[in-house]
Amino acid sequence: MLFSLFPRWQPRQLIAASSLILLVACAEKPTAADALPLAPAQPAPVVNLPGSTPDVSTEIQPLQTFAQWQAGFRQQALQAGISASLFDRAFSGVTPDMDVIKADRSQPEFTRPVWEYLDGALSPLRVRNGKKLLEQNAELLSRIEQRYGVDRQVLVSVWGMESNFGQFQGSKSVIRSLATLAYEGRRPQFAQDQLIAALQILQNGDIQPEAMRGSWAGAMGQTQFIPTTYNTHAVDFDGDGRRDIWNSTADALASTAHYLQSSGWKRGQPWGFEVQVPASFDYWIADGAQRKTVSEWLQLGVKLPSGTQLPAGSNQLSAALLLPAGAKGPAFLVLDNFRAILKYNNSSSYALAVSLLGDRFSGWGFIAGSWPKEDLPLSRSERIELQNLLNASGHEAGNADGIIGANTRKAIRNAQQAQGMPADGYPTHKLLDSLRSR
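Residues numbered from 1 in each chain as written. Predicted model: local features only at pLDDT ≥ 70, side-chain atom pairs only at ≥ 80, totals over all residues. Heavy atoms only, no water.

The name that an unreviewed UniProt entry assigns to the protein is Lytic murein transglycosylase, with the source organism given as Pseudomonas urmiensis.

Shown next, in the form of structure tokens:
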């Protein structure tokens, strides 16, 4: 499922210093990579707007040739148990992919607002197709639910979000993409680990090298697993002796259910629900990290929209308050199953889309609150400026890289509180203008 807001690329000599930067797994198809627990709402996936120019440099400046890198990596692969014949077959004719390098280094200036992202994710066509597939695969989904305890609606929702129900799985060679990223990417060790895992999949016989296709970042199959996730969670649910998430819907959906189960999915519980927050609410506690029971949130003044009811048995469930667009937008209490979806792709926008799409299949999942459409997200350069201004004001936002992470959100909350604004941690033009004028 997934989000690239990284600084302009530097030569390969600086890769080691940046190796801890979080890999953007796949801008076009999010992935089932390990992720952090629930974080504050993040921007929707990055998209270039008309007239914008991504900050991209595709000039390769390696310390060694690709052939030299490949020779060294071959020794690592053989030490990891990969056979020489399999390695040589998988790497036959492989060269760096410039499209992968370009995608890895792309720094779009603008992000899509969360409401536009949700409009696309929850399109009527996707909802209709998902409903049809729920009916067509009812028997299969019943068996998966019985085995893993994950609701069929969320499985079909992930399927739709990741590959449009298997139609768009990515056309790039996974080996070539990962080799490119291991040789010349922003996080080479991560890519090398994924590449070893991909070779293990080939050696196991689940797929042939020429058929192992995926996204530019190495996400694979109908539900876009990265290779290490495949090795730990893919299952052979159709019983043909292969874990085939590319061609077997049964294997793809069951593997996804296995992953969500392992990520803490709670059988029979909702993902969360929309709520309304009073004007006098202390937004400082809505940071995504503070968890209270649903009853405790209700005691603080949070309430359900008119005409809705609290899901049965949810009073004592642990929840966090999610504000995807800050205090001016809709609010949600999100439970453990939302956190499980976040472990599939650590974007609150993605997890909300998956959750609401699953609800739409059953005829609900429509948002009662209004989005602040007049308050567009800050551009990348504006986010960097905001971080610099926060640091200059003593609010300690950290490195001015345009990434609104935990430190920046805490700094935003401090600045908002100092200026009498709702301390929701959401970066706005109002706050930016206020700091500019100081």
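**Considerations on the overall build of the protein**
Scanning the protein from terminus to terminus reveals 17 helices and 6 strands. In the protein, which comprises 438 residues, the share counted as buried stands at 55%. For the protein, the accessible area works out to roughly 18300 Å², and carbon and sulfur atoms hold 49% of it. (Helix = DSSP H or I, 4+ residues; strand = E, 2+ residues; numbered from the N terminus. Buried < 20%, exposed > 50% of the residue type's maximum accessible area, 1.4 Å probe, protein only. Areas by Shrake-Rupley, 256 points an atom, 1.4 Å probe, with all protein chains shown as cover.)

**A closer look at the pairing of strand 5 (residues 318-322)**
Taken across its 5 residues, strand 5 has 4 buried, putting it largely inside the fold. In this structure, strand 4 (residues 292-293) lies alongside strand 5, joined through 2 bridges in antiparallel fashion. Residue pairing in the sheet places T293 in a bridge with S318 of strand 5. Taken together, the 3 bridges between strand 5 and strand 6 (residues 331-334) define a ladder with antiparallel strand orientation. Note on strand 6: the bridge partner recorded for A320 is V334. (Pairing = 2+ DSSP bridges.)

**Structural notes on the packing of helix 15 (residues 380-392) against helix 17 (residues 429-436)**
Contact geometry of helix 15 with helix 17 gives a least axis separation of 10 Å together with a crossing angle of 50°. Here helix 15 is positioned oblique relative to helix 17, judged by the angle of their axes. Crossing geometry of helix 15 relative to helix 17 is assigned as left-handed. Mapping the contact onto sequence places E382, E385, L386, L389 and L390 in helix 15 and H429, L431, L432, L435 and R436 in helix 17. Tallied by class, residues from the contact of helix 15 with helix 17 come to 6 nonpolar, 1 polar and 3 charged. (Axes fitted to C-alpha atoms, helices over the stretch in contact; angles between N-to-C directions. Parallel < 35°, antiparallel > 145°, perpendicular 65-115°, else oblique. Left-handed = near helix turned anticlockwise from the far one by under 90°. Contact = heavy atoms within 4.5 Å. Nonpolar A, V, L, I, M, F, W, Y, C, P; charged D, E, K, R; others polar.)

**With respect to helix 4 (residues 114-121)**
Those residues of helix 4 that fall on the buried side of the exposure criterion are V114, W115, Y117, L118 and A121. One side of helix 4 carries all its buried residues, which in axial view fall inside an arc of 155°. Of the surrounding elements, those touching the buried residues of helix 4 are helix 5 (124-136), helix 7 (152-163) and helix 14 (348-360). (Arc of directions from axis to C-beta.)

**So, the environment of F361**
Its place among the elements puts F361 in the loop between helix 14 and helix 15. In this structure, the C-alpha to C-alpha distance between F361 and L134, residues 227 residues apart in sequence, is 8.5 Å. Sequence-distant contacts of F361, defined by excluding residues within four places in its chain, comprise R126, V127, G130, K131, L134, Q153, V156 and S157.

**Quick word on helix 8 (residues 174-184)**
Within helix 8, 10 of the 11 residues are buried, leaving the element largely enclosed by the surrounding structure. Buried within helix 8 we find V174, I175, S177, L178, A179, T180, L181, A182, Y183 and E184.

**Quick word on the pattern of salt bridges**
A complete count under the given rule lists 18 salt bridges for this structure. Taking the shortest distance from any N to any O, the salt bridge between R105 and E184 comes out at 2.9 Å. Placement of the pair is R105 in helix 3 (residues 98-105) and E184 in helix 8, with a sequence separation of 79 residues. By the burial criterion, R105 is buried, and E184 matches it. Here D433 and R436 are joined by a salt bridge, their closest N and O atoms 3.1 Å apart. Here D433 pairs with R436, and both are found in helix 17, just 3 residues apart, close to one helical turn. Residue class for D433 comes out partly exposed when judged on its relative accessible area of 40%. Through salt bridges that share partners, D97, D99, K172 and R176 make up one connected network. (Salt bridge = Lys/Arg side-chain N within 4 Å of Asp/Glu carboxyl O.)

**Side note on the packing of aromatic side chains**
Summed over the entire model, instances satisfying the criterion amount to 19 aromatic pairs. Ring centres of W69 and F73 lie 5.1 Å apart, and the angle between their planes is 5°; this geometry places the pair in the stacked category. Taken together, the residues W69 and F73, both in helix 1 (residues 66-79) and 4 residues apart, mark about one turn of the helix. Judged on exposure class, the residue W69 and its partner F73 are both buried. For the ring pair F225 and Y259, a centre distance of 6.1 Å and an interplane angle of 55° mean the geometry is tilted. With F225 in the loop between strand 2 (213-214) and helix 10 (227-233) and Y259 in helix 11 (residues 249-262), the pair connects residues that are 34 residues apart, well separated along the chain. On the basis of relative accessibility, which here comes to 0%, the residue F225 falls in the buried class. Following the ring pairs from residue to residue traces out a cluster consisting of F66, W69, F73, F87, F91 and Y183. Taking the ring centre of W297 as reference, the NZ or CZ of K292 above it sits at 6.0 Å. Taking the ring centre of F366 as reference, the NZ or CZ of R360 above it sits at 4.1 Å. (Phe/Tyr/Trp six-rings, centres within 6.5 Å; stacked < 30°, edge-to-face > 60°. Lys NZ or Arg CZ within 6 Å of the ring centre and 35° of its normal.)

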